[in-house]
Amino acid sequence: MTDQSPAIRPLVAGNWKMNGLKAALDEALAVRDALAGGTDNGTDVMICPPASLLMVLAELTRDSAGLQIGGQDCHTAASGAHTGDVSAEMLKDAGASAVIVGHSERRADHGELDRLVRDKALAARRAGLTAIVCIGETAGQRAAGLTLDVVRRQLLGSVPDGATAADTVIAYEPVWAIGTGLTPTLEDVASVHGAIREALATRFGGEGASMRILYGGSVKPDNARELMAVANVDGALVGGASLKADDFLRIIQAYGA
Ligand code: 13P
């Protein structure tokens, strides 16, 4: 299989989820320092730390051309009486350039539906952040042969009208592959990413043709290269393996060859 979208600059984003005390900043700084050493292989690299670490990490990486910082979620409003929430504007102000919206863990833990995810993506756009919009089927939906239907429906409902390749990234994360060590076959990844590309190009034209589509779900140093070589896979959204600099850097280097 070959990459049919060579003009698209890949993105490898680490989603730390609810992991990381101050001591974990050392791992992120090791990534920053490794990328500053001239190992740029044409890939954008991002770490999405918990909100508690975001501003300090953004400050520590401000002069780093190689490492971007993202949030993991945002509220739809810019400010207001929403105890415990963080707005896209606050993330931007803290130094983020992107925010993940609609992660399956938020869909499951907080009952987030497509319409809310779409409104969060709109909030990201309003604040000048790139929205990393997550979609993906459950094990049951896959077993029932519904994968493509689910993914198309989530795309339609979660990605706002007028999305561009600059303000939107799609992350296909099969729910059953997250944190399990399981991954779809390369053929299945190609089939789903191909369907996503088709839907994006139909809806958004040239912008959809060049929008990045990340794969996420048990991406590890030893499977990154083959996953990233699949057509229409324009990078990775990495959970567990992004917590250790060595593993994350090996995944980034999967693009090096
Ligand atoms: P894992 O890489 O730990 O499977 O997590 C994937 C994920 O959910 C990234 O958002």
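Bear in mind the structure is a predicted one, so any value in this text is a computation, not a measurement. (Residues numbered from 1 in each chain as written. Predicted model: local features only at pLDDT ≥ 70, side-chain atom pairs only at ≥ 80, totals over all residues. Heavy atoms only, no water.)

Caption draft 1: Focus on the overall build of the chain. In terms of helices and strands, the chain carries 11 helices and 8 strands. Relative to the globule expectation of 18 Å for 257 residues, the C-alpha radius of gyration of the chain, 17 Å, shows essentially globular dimensions. In terms of principal-axis extent, the alpha carbons of the chain reach across some 45 × 45 × 35 Å. Sequence separation of 24 or more characterises 72% of the internal contacts of the chain that already satisfy a separation of 6 or more. As displayed, the chain offers around 11,200 Å² of accessible surface, 54% of which is attributable to carbon and sulfur atoms. Of note, the chain has its 23 positive side-chain charges centred 3 Å away from the centre of its 31 negative side-chain charges. (Helix = DSSP H or I, 4+ residues; strand = E, 2+ residues; numbered from the N terminus. Rg over C-alpha atoms; globule rule 2.2 N^0.38 Å. Contact = heavy atoms within 4.5 Å. Areas by Shrake-Rupley, 256 points an atom, 1.4 Å probe, with all protein chains shown as cover. Lys, Arg positive; Asp, Glu negative; His and termini not counted. Charge placed at Lys NZ, Arg CZ, Asp CG, Glu CD.)

Caption draft 2: Representation of the pairing of strand β2 (residues 44-48) in the model. Buried residues dominate β2, accounting for 5 of its 5 residues. Of the two faces of β2, the one carrying Asp-44, Met-46 and Cys-48 and the one carrying Val-45 and Ile-47 are both buried. Here 5 bridges tie strand β1 (residues 11-15) to β2, and the two strands are oriented parallel to one another. Looking across to β2, one finds that Asn-15 is bridged to Cys-48. Looking at chain direction, β2 and strand β3 (residues 67-71) are connected through 3 bridges and run parallel. Looking across to β3, one finds that Ile-47 is bridged to Ile-69. (Buried < 20%, exposed > 50% of the residue type's maximum accessible area, 1.4 Å probe, protein only. Pairing = 2+ DSSP bridges.)

Caption draft 3: Molecular detail of the environment of Thr-61. Topologically, Thr-61 is positioned in the loop between α2 (51-60) and β3. Once the C-alpha coordinates of Thr-61 and Asp-33 are considered, the two residues, 28 residues apart in sequence, prove to be 9.3 Å apart. Discounting residues that sit within four places of it in the chain, Thr-61 has contacts with Arg-32, Leu-67 and Ile-69.

Caption draft 4: Here's a closer look at the nonpolar core. Ranked by internal contacts, the top residues of the largest apolar core, which has 64 residues, are Val-31, Ile-170 and Ile-196. Contact partners of Val-31, with chain neighbours within four places excluded, come to Val-45, Ile-47, Leu-67, Ala-245, Phe-248 and Leu-249. Residues Ala-13, Ile-132, Ala-171 and Leu-237 belong to the second largest nonpolar core, which totals 12 residues. (Core = buried A, V, L, I, M, F, W, Y, C linked by side-chain atoms within 4.5 Å.)

Caption draft 5: Spotlight on the site of the ligand. Around the ligand, a shell composed of 13 residues is seen, among which Lys-17, His-103, Glu-173, Gly-179 and Ser-218 lie nearest. Interatomic distance of 2.8 Å between a backbone N/O atom of Ser-218 and an oxygen atom of the ligand. At 2.9 Å from an oxygen atom of the ligand is found a main-chain nitrogen or oxygen belonging to Gly-239. Isolated, the ligand exposes 310 Å² of accessible area, and the fraction of that covered by the protein chains is 97%. Across the shell around the ligand, the residue classes tally to 4 nonpolar, 7 polar and 2 charged. (Near = heavy atom within 4 Å. Polar contact = N/O pair within 3.5 Å; in protein donor to acceptor, adjacent residues only side chain to side chain. Nonpolar A, V, L, I, M, F, W, Y, C, P; charged D, E, K, R; others polar.)

Caption draft 6: Representation of the sheet that holds strand β6 (residues 168-172) within the structure. Read around the barrel, 8 strands follow the order β1-β2-β3-β4-β5-β6-β7-β8 and close on themselves; strand pairing throughout is parallel. Pairwise comparison of adjacent strand axes, ignoring direction, gives a mean angle of 25° for this sheet. Pairing of β6 with strand β7 (residues 212-216) involves 4 bridges; the strand directions are parallel. Paired with Ile-170 across the two strands is Ile-213, which belongs to β7. Here α2 sits on the sheet in contact with β2 and β3, set at roughly 160° to β3. Where helix α8 (residues 186-204) meets the sheet, its contacts fall on β5 (130-135), β6 and β7, and the angle it forms with β7 comes to roughly 150°. (Axes fitted to C-alpha atoms, helices over the stretch in contact; angles between N-to-C directions.)

Caption draft 7: Region of interest: the confidence of the model for the chain. In the predicted model, the chain carries a mean pLDDT of 95, and the fraction of residues at 70 or more is 95%. Below a pLDDT of 50 lies the segment residues 1-6, which in the model reaches 17 contacts outside its immediate sequence neighbourhood of four places, other chains included. (pLDDT = per-residue confidence, 0-100.)

Caption draft 8: View of the packing of helix α5 (residues 114-127) against helix α7 (residues 147-158). It is at 7 Å that the axes of α5 and α7 come closest, and there the two elements cross at 45°. With respect to α7, the axis of α5 lies oblique. Residues Asp-114, Arg-115, Val-117, Arg-118 and Ala-121 of α5 form the contact with α7, whose participating residues are Arg-153, Gln-154, Gly-157 and Ser-158. The residue inventory of the contact of α5 with α7, partitioned by class, reads 2 nonpolar, 3 polar and 4 charged. (Parallel < 35°, antiparallel > 145°, perpendicular 65-115°, else oblique.)

Caption draft 9: The arrangement of the layout of surface pockets in detail. By volume, the largest pocket amounts to about 470 Å³. Lys-17, Met-18, Gln-72, Asp-73 and Arg-106 are, among the 19 residues lining the largest pocket, the residues nearest its centre. Secondary structure elements with two or more residues in the lining of the largest pocket: α2 and α4 (104-110). It is α4 that contributes the most residues to the lining of the largest pocket, 4 residues altogether. Here the residues of the lining of the largest pocket sort into 7 nonpolar, 6 polar and 6 charged. By volume, the second largest pocket amounts to about 260 Å³. As for the second largest pocket, its lining consists of 20 residues, of which Arg-107, Gly-136, Thr-138, Gln-154 and Val-175 are closest to the centre. Only α4, β5 and α7 provide two or more residues apiece to the lining of the second largest pocket. Among the elements that make up the lining of the second largest pocket, the one with the highest residue count is α4 (4 residues). Among the residues making up the lining of the second largest pocket, the classes are represented as 7 nonpolar, 7 polar and 6 charged. (1 Å grid on protein atoms, 1.4 Å probe; cavity = no way out; pocket = protein on both sides within 12 Å on 5 of 7 lines; lining within 4 Å. Points joined across faces, edges and corners; volume = space filled by probe spheres on them.)

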